[in-house]
Amino acid sequence: MDSVSAKLLSAPEVEEIIDLVRHVYGFDFSGYSRASLKRRIIRIMQLKKIDIFDLRSLIINSNDFFEEFLLEITVNVTEMFRDPAFFKALREKVFPYLSSYARIKVWNAGCSTGEELYSFAILLEEENLYNRSFLYGTDINSEVLDTAKKGIYDFKKMKLNSENYIASGAINSLSDYYESNHNSVTLDSKLKKNTLFSIHNLVTDNVFNEFQIISCRNVLIYFTVELQERVLQLFYESLCPLGFLCLGSKEYLRNEELASKFKVVDKVENIYQKIV
Amino acid sequence: MSENALDIDQKLQNAELLILGCSAGGFLLVYNFLLKLPANFPLPVVVIIHRSRSYKSLIEEHLNGLSSLNIKMADDKESIKSGTVYFAPPDYHLLVETDKTLSLDNSEPVHFCRPAIDVTFQTAADTYQDKLIAILLSGANSDGADGMEYISELNGLTIVQQPEEAEVDIMPKAAINRGNIDLVLKMDEITSLIHKIVKLKSNF
């Protein structure tokens, strides 16, 4: 971010933008943590070189601008096999348990451009579980979902993805799962076969299926404690008995009543199993 | 006493949060600084050190064992309380919310850094305004300069380690070059401010 004046965007103006977006488009950001949200709005203002007056007017008058706004307001930073130790724990502590299941449904909530969902797909494939699995990726943003559906990624990012994959306990080479083009790579179509990407808003939408695993990592940190609780309750209701919940490394089940309904599978990697 | 010195005493006395940032060459300085904080130090402290996510540092645990204060890695949505030192976790930006809680953010690195000093400094200034003391030490990039400028705009107190003394002077120099630093001090002088803060706040 370029140097920012403290006067660029005030706290009341952030609230005004939240209200405006809710009234005009029905997207409710009132449960988002404000400090991060403010930085995202400032980022958009800097990218577009606009002030608060332009921002208001563009939100009201331009659907195209709003699409871009929605893309930039949420954080879409992701990697394949991000936090390799988490994927190692999945492989060692969760997947052996799942091998007795006839069907394995995975929900990756807040999936962004799909890298994490495809990481799950690769692991399931390597553990011979993929044919029995179906992976749902959801996000509020249609543009990131389009990228996820294509499964085409920047070649430059594959070095990091590959390093992550190796650190997670790789049994193959990541390049076995994609074809390289000039500046991009295309994931193997068999990884896309049992996947579905669709719009779902954690703020307003409800249970839509029953899952054996729900993974929602580094999404809850952008929400207030109240919204975090709503979303965690939604996950609880969406899990089958003995289903697994995976959160980001700094995200917790802080509500004691809800926490008592889960067993801790991995304390460091934040993997839980629904027991009640 | 000059008007400027009175003004600085006033800011030290009004302060409700102390925030420290550094990178290369700053690690030991922060370590020694924190160990000098007395049990009755009246301000909560937030520390941002650039560190790699692949390197699991145990600095918080180690310091916590040696200090009479509670020294820990910051948690998402944790309340900011005096008697506590919060470190930004590796690979996350640490943000201060208006209700004086901390939150984490996994967005793009700033100056190739996550955590970035600028992010914490700016969000802390939004909440604490002129009740903030920010200290920037040795470091190898210009992270922190924007944050210091922002804090200064909101009348917080800005303190930078003297570049001649810093092991790596890029970070202190970048901040000083913006022209809005209240105090440029040697590490000894920065450390002696601890006692001044304790004294001023206890007479308040």
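Not measured: the values here are computed from a predicted model. (Residues numbered from 1 in each chain as written. Chains lettered and ligands numbered in written order. Predicted model: local features only at pLDDT ≥ 70, side-chain atom pairs only at ≥ 80, totals over all residues.)

J.: Any chance you could break down the packing of helix α1 (residues 11-25) of chain A against helix α3 (residues 52-61) of chain A for me, citing the residues and the numbers?
T.: All names here are of chain A. Between α1 and α3, whose axes approach to 10 Å, the crossing angle comes to 10°. Taken as axis vectors, α1 and α3 run roughly parallel relative to one another. From α1, E13, I17, L20, V21 and V24 reach across to α3, where they touch I52, L55, R56, I59 and I60. Looking at side-chain class alone, the contact of α1 with α3 contains eight nonpolar, no polar and two charged residues. (Axes fitted to C-alpha atoms, helices over the stretch in contact; angles between N-to-C directions. Helix = DSSP H or I, 4+ residues; strand = E, 2+ residues; numbered from the N terminus. Parallel < 35°, antiparallel > 145°, perpendicular 65-115°, else oblique. Contact = placed C-beta atoms within 7 Å. Nonpolar A, V, L, I, M, F, W, Y, C, P; charged D, E, K, R; others polar.)

J.: So what's going on with helix α5 (residues 84-98) of chain A? Residues and values would help.
T.: All names here are of chain A. For α5, which comprises 15 residues, the first-to-last C-alpha distance of 20 Å matches the rise-based estimate of 21 Å (1.5 Å per residue) to within 8%. Of all bends in α5, the biggest is about 35°, found at R91. Buried within α5 are the following residues: F86, F87, A89, L90, V94 and L98. The inward-facing, buried residues of α5 contact β1 (104-109), α6 (115-126), β7 (211-216), β8 (239-247), β9 (262-266) and β10 (271-274). (Expected span 1.5 Å × (residues − 1). Bend = angle between axes of the 7 residues up to and from the residue. Buried ≥ 20, exposed ≤ 12 C-beta atoms within 10 Å, placed from the backbone.)

J.: Any chance you could break down the interface of chain B and chain A for me, citing the residues and the numbers?
T.: On the chain A side, the residues contacting the 24 residues of chain B number 17 residues. At the level of elements, β6 (93-96), β7 (101-105), α4 (117-128) and α5 (145-153) of chain B are the ones that each hand at least two residues to the side of chain B that touches chain A. With four residues, α5 of chain B is the largest single contributor of residues to the side of chain B that touches chain A. Here the side of chain B that touches chain A is built from residues that sort into nine nonpolar, six polar and nine charged.

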